[in-house]
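Notes for the structure review
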Amino acid sequence: MSCQCKCGSGREEDKFAFIDRIIEQYKNQKGSMIPILHQVQQVLGYLPEEVQAYIAEKMGVPLSEVYGIVSFYALFSTQPKGKHRVSVCLGTACYVRGSGKILEELQKELGIKVGETTKDGLFTLEACRCLGACGLAPVLTVDEHVHGRLTTKDVAEIINKYKDVQ
Amino acid sequence: MEFYRSHVLVCTGTGCTSSNSRSVISGLRKELADKGLEKEIQVIETGCFGFCNLGPIMVVYPEGVFYCRVSQDDIQEIVEEHFTKGRVVQRLLYHEPNTTVKTQEFNDIEFFKHQKRIALSNCGIINPEKIEEYIARDGYFALAKVLHEMKPEDVIEEIKKSGLRGRGGGGFPTGMKWNFAHKAQGDQKYVVCNADEGDPGAFMDRSVLEGDPHSVLEAMAIAGYAIGANQGYIYVRAEYPIAVERLRLAIEQAHKMGLLGKNIFGMGFDFDVDIRLGAGAFVCGEETALLTSIEGKRGEPRPRPPFPANSGLWGKPTIINNVETYANVTRIIRNGWEWFASMGTEKSKGTKVFALAGKIKNTGLIEVPMGTTLRTIVYDIGGGILNDKKFKAAQTGGPSGGCIPAELLDTPIDYDNLIAIGAMMGSGGLIVMDEDTCMVDIARFFLEFTQDESCGKCPPCRIGTKRMLEILTRICEGKGVPEDLENLETLAKTIKSAALCGLGQTAPNPVLSTLRYFRHEYEAHIYDKKCPAGVCKSLLSYKINEDKCRGCSLCARNCPAKAISGKVKEPFVIDPEKCIKCGACMEKCKFGAIERK
């Protein structure tokens, strides 16, 4: 997989220089590991082992500690994600209003299971727990955008919209 | 200062933003400018009104006209009719369910009429991105009063007398918690706000942070003064980007005005607030796990005692309160404890915010006095069940709570009553279920959640919830055996008494409460191999009613498993061996000829 980094250059050394800058920014703060990981993931898209190892070394902690944190929290990923992240809410309000069926339909439409990425690298399918948009249940998000009051019929249309944008 | 003849409030909370309220605002501003009305009519972005189902919501003052589901296409008409000619646009008014009545004014709508808004009193009224609007509503007055007129002990006494209890779930008396931390010895103390709102179906904390962020900052500063802390942390879910952004802005603005930072109000009191983002771990809503997470580690809980009030963040005395709890604090200081204590029931004072969702007509955020009955909430405020189906249960307290059956609809809701009927206040998610919801499936759903979110530190939770989930899954798949119910109960009791933290101790509640009130549904799954609600796929069978089938072949053409066959114009038949029970045929049939049992 090529570098997903949004720094623009795609060069490995820039990636590490960028991580150095983030770590520098937090150097006087207590408990900064999670904010650092958040920021690095935001730019790189995910946290591969080499990046975890680099952060561990810079912070002076064992790799196992960094990996322990990355694997504990659901928002951190060690795998690259697709261009668009489709996330179906499986919170209670959405579930009783049929989000399970929406998820099934999406799996059919995209031909992948939850946690997987389409072969063209366009979509990653995820399930999440409550976005707090229960008034619009059932909902899904594509990247940051919330789509609410869904029926199974809306699924294909939403996906196609993002395919076209590409 | 500029004066306007009309103020138009448009919601920019998560709900309405998802319904495109941003484009309504930009469209409206443009249209007003085109018509030369921008100096007469002001458009204000506010927080959540609570009626998310009807978004985007627009309220026009001074009349208080309430427009709902406003789209960009309606803007021209609103500007032309309402703002130019003074005529209300009737078709955008709110339509009360079950009636033909259209309600014009905000306060006349049933959904709002029964509410008492304290924690939410600024939500939907002010622009949360402007500190001036908060100050105009007496914001930071409570902090000024505390710093100028009260000793820390007085503040604690005031909160104690008010009877305020923690709104995050536990219901621990807030004043008592503050007192422990006040008395604890330590050179450094901390004030923490728990905004890791993980209960699926609860979104009041998000709405307060999005609609009235300063009320939380002000209350944290008051708490800091009361216990002797000068540093606060807000631990907020990363899934709430709008809330995080508004908090950042609020902190920055408060700093500029000298309402946070050094020497606040010139009274020698310093207080600062930092934001910490969660990273998608439900267990971090548990206070000790939350503190470990702020410290930058895996968010695993630790045994109590020592309690955080004595040894919390980095081993220092710390208080942790929930967002809604803080939102009440400033109002108590301003209006006095007597005012607050005059509302609610004997042991639960004030109001509670509920997130009303599920199979109900009016979904959204409501705030009612403690002691309001579930019936009032579901039928008067909620407008009754969606599609006029039968009410089956209301689920409160999320994965830690329980299901309340129809016979208990008249129970006044407060902390203690809910515990007595096997449910829990939790953070205030209230999800309504109708006859089409299977209670065994719901219990399985919650166990799947807690199983997934169990941090794995203690075996009762890690292994126990796994075993419970296996049993529930088996029952839903029609493979349940009679001993299962007894085993579920034994496991539930063990986990409740042996788990390390609140997550594990309450995880069995959804199973226990459904076993208590809906045991017959479990028995139907186990003994009759039937799912009465028609949810559990393995237990369903689809059949074509010969009398109703017209032989149009639509079902056969839509069956993904090719399980339906027949001759055109004669009744079709489903082959149960091939049927995958997806229900596609039933959805497509125009004659209602397909029956699910």
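Cut-offs and rules
- Residues numbered from 1 in each chain as written.
- Chains lettered and ligands numbered in written order.
- Predicted model: local features only at pLDDT ≥ 70, side-chain atom pairs only at ≥ 80, totals over all residues.
- Heavy atoms only, no water.
- Helix = DSSP H or I, 4+ residues; strand = E, 2+ residues; numbered from the N terminus.
- Buried < 20%, exposed > 50% of the residue type's maximum accessible area, 1.4 Å probe, protein only.
- Areas by Shrake-Rupley, 256 points an atom, 1.4 Å probe, with all protein chains shown as cover.
- Lys, Arg positive; Asp, Glu negative; His and termini not counted.
- Charge placed at Lys NZ, Arg CZ, Asp CG, Glu CD.
- Core = buried A, V, L, I, M, F, W, Y, C linked by side-chain atoms within 4.5 Å.
- Contact = heavy atoms within 4.5 Å.
- Buried area = accessible area lost by both parts, 1.4 Å probe.
- Salt bridge = Lys/Arg side-chain N within 4 Å of Asp/Glu carboxyl O.
- Polar contact = N/O pair within 3.5 Å; in protein donor to acceptor, adjacent residues only side chain to side chain.
- Domains from an automatic or database assignment.
- Nonpolar A, V, L, I, M, F, W, Y, C, P; charged D, E, K, R; others polar.
- Axes fitted to C-alpha atoms, helices over the stretch in contact; angles between N-to-C directions.
- Parallel < 35°, antiparallel > 145°, perpendicular 65-115°, else oblique.
- Left-handed = near helix turned anticlockwise from the far one by under 90°.
- Phe/Tyr/Trp six-rings, centres within 6.5 Å; stacked < 30°, edge-to-face > 60°.
- Lys NZ or Arg CZ within 6 Å of the ring centre and 35° of its normal.
- pLDDT = per-residue confidence, 0-100.
- Pairing = 2+ DSSP bridges.

This next bit is on the overall build of chain A. Helix and strand counts for chain A come out as seven helices and four strands. When its C-alpha atoms are laid out on the principal axes, chain A stretches across 50 × 30 × 25 Å. Counting only residues that meet the buried cut, chain A has 50% of its 166 residues in that class. When the accessible area of chain A is evaluated, it comes to approximately 8100 Å², of which 48% is carbon and sulfur surface. With 20 positive and 20 negative side-chain charges, chain A shows a separation of 6 Å between the mean positions of the two kinds.

Ranked by size, the top nonpolar core spans 123 residues in total, and within it Phe66 and Trp178 of chain B carry the most contacts. Here this core takes ten residues from helix H10 (residues 213-227) of chain B, the largest share from any one element. Excluding residues within four positions of it along the chain, phenylalanine 66 of chain B makes contact with Phe51, Leu54, Ile57, Met58, Val59, Leu92, Leu93, Tyr94, Gln104, Phe106, Ile109 and Phe112 of chain B. With 67 residues, the next largest nonpolar core counts Met33 of chain A together with Cys438, Cys455 and Ile475 of chain B among its residues.

Take the environment of alanine 341 of chain B next. All names here are of chain B. Its location among the elements puts alanine 341 in helix H14 (residues 337-341). Classification of alanine 341 as buried rests on a relative accessible area of 19%. Counting along the chain gives 238 residues from alanine 341 to threonine 103, while the straight-line C-alpha distance between them is 33 Å. Beyond its immediate sequence surroundings of up to four residues, alanine 341 is in contact with Lys161, Ser162 and Lys349.

Now for the interface of chain B and chain A. Chain B puts 62 residues into the contact, and the matching count from chain A is 36 residues. Taken over both partners, the interface formed by chain B and chain A buries close to 3600 Å², and the fraction arising from carbon and sulfur atoms is 57%. It is Ala279, Arg298 and Phe445 of chain B that lose the most area in chain B upon contact with chain A, and together they represent 17% of the buried surface on that side. Taken together, the connections running from chain B to chain A amount to two salt bridges. Between glutamate 104 of chain A and lysine 537 of chain B there is a salt bridge whose closest N-O contact spans 3.8 Å. Here chain B and chain A share 23 residue pairs in polar contact (both at pLDDT 80 or more) between them. Put simply, the parts of the chain that give the side of chain B that touches chain A at least two residues each are helix H1 (14-18), strand E10 (269-277), helix H12 (287-294), strand E12 (351-358), strand E16 (429-434) and helix H17 (439-453) of chain B. Of the residues forming the side of chain B that touches chain A, the biggest block, nine residues, is contributed by H17 of chain B.

Taken as a whole, this structure holds 43 salt bridges over all chains when the rule is applied. Among the ionic pairs, aspartate 452 of chain B bridges to arginine 129 of chain A, the shortest N-O distance being 3.3 Å. Note that aspartate 452 of chain B is positioned in helix H17 and arginine 129 of chain A in the loop between strand E2 (123-128) and strand E3 (140-142), a pairing that runs across two chains. Here aspartate 452 of chain B falls in the exposed class, since its relative accessible area comes to 52%. Ionic pairing is found between glutamate 477 of chain B and lysine 479 of chain B, a salt bridge with its closest N-O pair at 3.4 Å. We classify glutamate 477 of chain B as partly exposed; its relative accessible area is 36%. Salt bridges here are not isolated pairs; linked through shared partners, they connect Glu80, Glu81, Lys85 and Arg87 of chain B.

Structurally, chain A comprises domain 1 (12-72) and domain 2 (84-163). When each unit is reduced to the centre of its C-alpha atoms, the spacing between domain 1 of chain A and domain 2 of chain A is 30 Å.

Attention now goes to the domain arrangement of chain B. Residue and element names in this part refer to chain B. Here chain B is partitioned into domain 1 (6-113), domain 2 (131-341), domain 3 (351-434), domain 4 (439-528) and domain 5 (541-596). Between the C-alpha centres of domain 1 and domain 2 the distance comes to 34 Å. Taken together, the ten residues of domain 1 in the interface contact eight residues of domain 2. Carbon and sulfur atoms supply 49% of the area that domain 1 and domain 2 bury against each other, a total of about 580 Å² over both sides. It is Thr14, Gly47 and Cys48 that lose the most area in domain 1 upon contact with domain 2, and together they represent 52% of the buried surface on that side. There are two residue pairs in polar contact (both at pLDDT 80 or more) connecting domain 1 and domain 2. If one sorts the elements of the side of domain 1 that touches domain 2 by residue count, H1 sits on top with three residues. For the side of domain 1 that touches domain 2, a count of residues per class yields three nonpolar, six polar and one charged.

Okay, the packing of helix H19 (residues 483-498) of chain B against helix H21 (residues 509-517) of chain B next. All names here are of chain B. The geometry of H19 relative to H21 is characterised by a closest axis approach of 10 Å and an angle of 140 degrees between their N-to-C directions. As judged from the angle between their axes, H19 and H21 are oblique. H21 is crossed by H19, and the crossing has left-handed handedness. Every residue of H21 that contacts H19 at Leu485, Leu488, Glu489, Ala492 and Lys496 is listed here: Asn509, Val511, Leu512 and Leu515. Among the residues making up the contact of H19 with H21, the classes are represented as six nonpolar, one polar and two charged.

Here the focus is the side chain of threonine 12 of chain B. Residues and elements named next belong to chain B. Residue placement: threonine 12 occurs in the loop between strand E1 (6-11) and H1. At 3.0 Å, the side chain of threonine 12 and the side chain of arginine 246 are in polar contact. In this structure, threonine 12 is in contact with Thr17, Ser21, Arg22, Ile25, Glu45, Thr46, Gly47, Ile242 and Arg246, ignoring residues within four places of it in sequence.

Under the definition given, this model contains 23 aromatic pairs over all chains. Here tyrosine 73 of chain A and phenylalanine 76 of chain A contribute two aromatic rings whose centre-to-centre distance is 6.1 Å and whose plane-to-plane angle is 85 degrees, an arrangement assigned as edge-to-face. Overall, the relative accessible area of 1% leaves tyrosine 73 of chain A in the buried class. What links up through ring pairs into an aromatic cluster is the set Phe49, Phe51, Phe66, Tyr94, Phe106, Phe111 and Phe112 of chain B. Between the NZ or CZ atom of lysine 30 of chain A and the centre of the ring of tryptophan 314 of chain B, over which it lies, the distance is 4.3 Å.

The share of residues in chain B with pLDDT of 70 or more is 100%, and the mean pLDDT across the chain is 94. ipTM for the predicted complex: 0.89, alongside a pTM of 0.92.

To continue, consider the sheet that holds strand E15 (residues 402-405) of chain B. All names here are of chain B. Across the sheet, five strands lie side by side as E13-E12-E16-E14-E15; this open sheet has mixed pairing. With one partner strand each, in any of the chains shown, strand E13 (364-369) and E15 form the two edges of the open sheet. Adjacent strand axes in the sheet meet at a mean angle of 30 degrees, parallel and antiparallel pairs treated alike. Where strand E14 (residues 391-396) and E15 come together, four bridges link them in antiparallel fashion. Each residue of the ladder has a partner; that of threonine 396, found in E15, is glycine 402. Strands E12, E13, E14, E15 and E16 of the sheet are contacted by helix H15 (residues 374-381), whose axis makes an angle of about 135 degrees with E13.

All names here are of chain B. Spatial ordering of the open sheet is given by E9-E10-E8-E7-E11, a layout of five strands whose pairing is mixed. Two strands in the sheet have a free side with no partner beyond their single neighbour: strand E9 (261-264) and strand E11 (318-322). Direction aside, the axes of adjacent strands within the sheet are offset by 25 degrees on average. Bridge count between strand E7 (residues 190-195) and strand E8 (residues 231-236): six bridges; the pairing is parallel. Of the residues in E8, the one forming a bridge with tyrosine 190 is glutamine 231.

Residues and elements named next belong to chain B. Considering the arrangement of structural elements, one finds glycine 232 in strand E8. For the pair glycine 232 and tyrosine 190, spaced 42 residues apart in the sequence, the C-alpha separation amounts to 5.7 Å. Those residues within four positions of glycine 232 in sequence are excluded, and the remaining contacts are Val191, Met220, Phe271, Asp272, Val273 and Asp274.

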